[in-house]
Amino acid sequence: PAVLVQQGDIFADVVSLQLDSLPLRAARSFQGRGGKIQYNIHDANNPPKNPPFRWRLSEGGEDAALARGFVEYGILLTHDCEVDAENVRTVGMVRPISHLQEHDRDAVLEMRNYATFPLYREEGGPFDEHHYVDLRRLTTLRNTVLNERTRVASLQDEVRRALSKRFHEYLFRRFEVLP
């Protein structure tokens, strides 16, 4: 059954992926000795033979691309009108503020860093310390994957609007190009 979600909902144990290097790598499974499932790792220097790589959208993509993965809190960034219509969700990583240097913490909490949005610790809330949304760490998940996560909090309407505005500013802010 579909879970009703909205922008600003916070979920536990959400995966975030990061590609650290090229060439792209993919894992292909095969049945090994004793019926055990094993994997071969392929890249441009060691491509699979049959079938060849399927990176293109028209080919359906590779099933098991390799990337660095993290499991943390995640916050739904997809706008409410898209949540109803789409089968995918954009989720931002939620990180503890204690992972930052002190001067960086101040910039996040005072909203001087465009790539972040502070989530202040509240009595009875899901966090035992301040956290922040890292807008640089976005992952797209199918709604069925997000529905399997536990929603731990939902932002109040005023904070939800501020997050939406901040996300827009982060994506579309203007840079001054220096010579």
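Residues numbered from 1 in each chain as written. Predicted model: local features only at pLDDT ≥ 70, side-chain atom pairs only at ≥ 80, totals over all residues. Heavy atoms only, no water.

Which parts of the structure should I look at to understand the pattern of salt bridges?
Side-chain pairs of opposite charge can arise where the charged atoms are in close proximity. One pass over the structure, following the stated rule, counts 11 salt bridges. The shortest N-O distance in the salt bridge between Asp-134 and Arg-136 comes to 2.8 Å. The salt bridge partner of Arg-160 is Asp-157, with a shortest N-O separation of 3.7 Å. Of this pair, Arg-160 and Asp-157 both sit in helix H4 (residues 157-172), 3 residues apart, which is roughly one turn of the helix. Among the charged side chains, a network of salt bridges with common partners joins Arg-95, Asp-134 and Arg-136. (Salt bridge = Lys/Arg side-chain N within 4 Å of Asp/Glu carboxyl O. Helix = DSSP H or I, 4+ residues; strand = E, 2+ residues; numbered from the N terminus.)

Would you mind showing me how to read the layout of surface pockets here?
Rolled over the atoms, a probe sized like a water molecule indicates the empty space that remains. Taken as a whole, the largest pocket spans an internal volume of roughly 360 Å³. Considering the residues around the largest pocket, the lining is formed by 17 residues, among which Leu-119, Tyr-120, Glu-122, Leu-155 and Val-159 are closest to the centre. Those elements that provide at least two residues to the lining of the largest pocket are strand E6 (116-119), strand E8 (150-154) and H4. It is E6 that provides the largest number of residues to the lining of the largest pocket, a total of 3 residues. Grouping the amino acids of the lining of the largest pocket by side-chain chemistry returns 12 nonpolar, 3 polar and 2 charged. Of the voids in this model, the second largest pocket is the one considered here, and its volume is about 220 Å³. Taken together, the residues of the lining of the second largest pocket break down into 6 nonpolar, 1 polar and 1 charged. (1 Å grid on protein atoms, 1.4 Å probe; cavity = no way out; pocket = protein on both sides within 12 Å on 5 of 7 lines; lining within 4 Å. Points joined across faces, edges and corners; volume = space filled by probe spheres on them. Nonpolar A, V, L, I, M, F, W, Y, C, P; charged D, E, K, R; others polar.)

Would you explain the side chain of Asp-43 in this entry?
Looking at the secondary structure, you find Asp-43 in the loop between strand E3 (37-42) and strand E4 (68-76). Buried within the structure, Asp-43 lacks any salt-bridge partner; its nearest side chain of opposite charge belongs to Arg-25, at an N-O separation of 6.2 Å. In terms of polar contacts, Asp-43 uses its side chain to reach the backbone amide nitrogen of Asn-45, at 2.8 Å. Non-local contacts of Asp-43, meaning those with residues more than four positions away in its chain, are made with Pro-23, Leu-24, Arg-25 and Phe-53. (Buried < 20%, exposed > 50% of the residue type's maximum accessible area, 1.4 Å probe, protein only. Lys, Arg positive; Asp, Glu negative; His and termini not counted. Polar contact = N/O pair within 3.5 Å; in protein donor to acceptor, adjacent residues only side chain to side chain. Contact = heavy atoms within 4.5 Å.)

Would you mind showing me how to read the confidence of the model for the chain here?
Put simply, the chain has an average pLDDT of 89, and 92% of its residues get 70 or more. Here helix H1 (residues 80-85) stands out as the element of the chain with the lowest mean pLDDT, 65, in contrast to E6, whose mean of 96 is the highest. (pLDDT = per-residue confidence, 0-100.)

Would you take a moment to explain the pairing of strand E7 (residues 131-142) for this structure?
Remark: a regular strand shows side chains that alternate across the two faces of the sheet. In the sheet, strand E5 (residues 88-96) pairs with E7 via 9 bridges, with the strands oriented antiparallel. The partner of Arg-89 across the bridge, within E7, is Leu-141. Of the pairings in the sheet, the one linking E6 to E7 comprises 4 bridges and is antiparallel in character. By the bridge assignment for E7, Phe-117 is matched with Val-133. (Pairing = 2+ DSSP bridges.)

It is not clear to me how unusual backbone geometry should be interpreted in this structure. Could you clarify?
With the exception of glycine, the majority of residues adopt a negative phi angle, and the majority of peptide bonds are in the trans configuration. For the bond from Leu-22 to Pro-23, the omega torsion is 10 degrees, close enough to zero to count as cis. Looking at the element boundaries, Pro-23 is found in the loop between strand E1 (9-18) and strand E2 (26-31). The omega torsion across Asn-50 and Pro-51 is -5 degrees, close enough to zero to call that bond cis. Tracing the backbone shows Pro-51 in the loop between E3 and E4. At Asp-13, a position not held by glycine, the phi torsion is positive, near 55 degrees. Structurally, the position occupied by Asp-13 is in strand E1.

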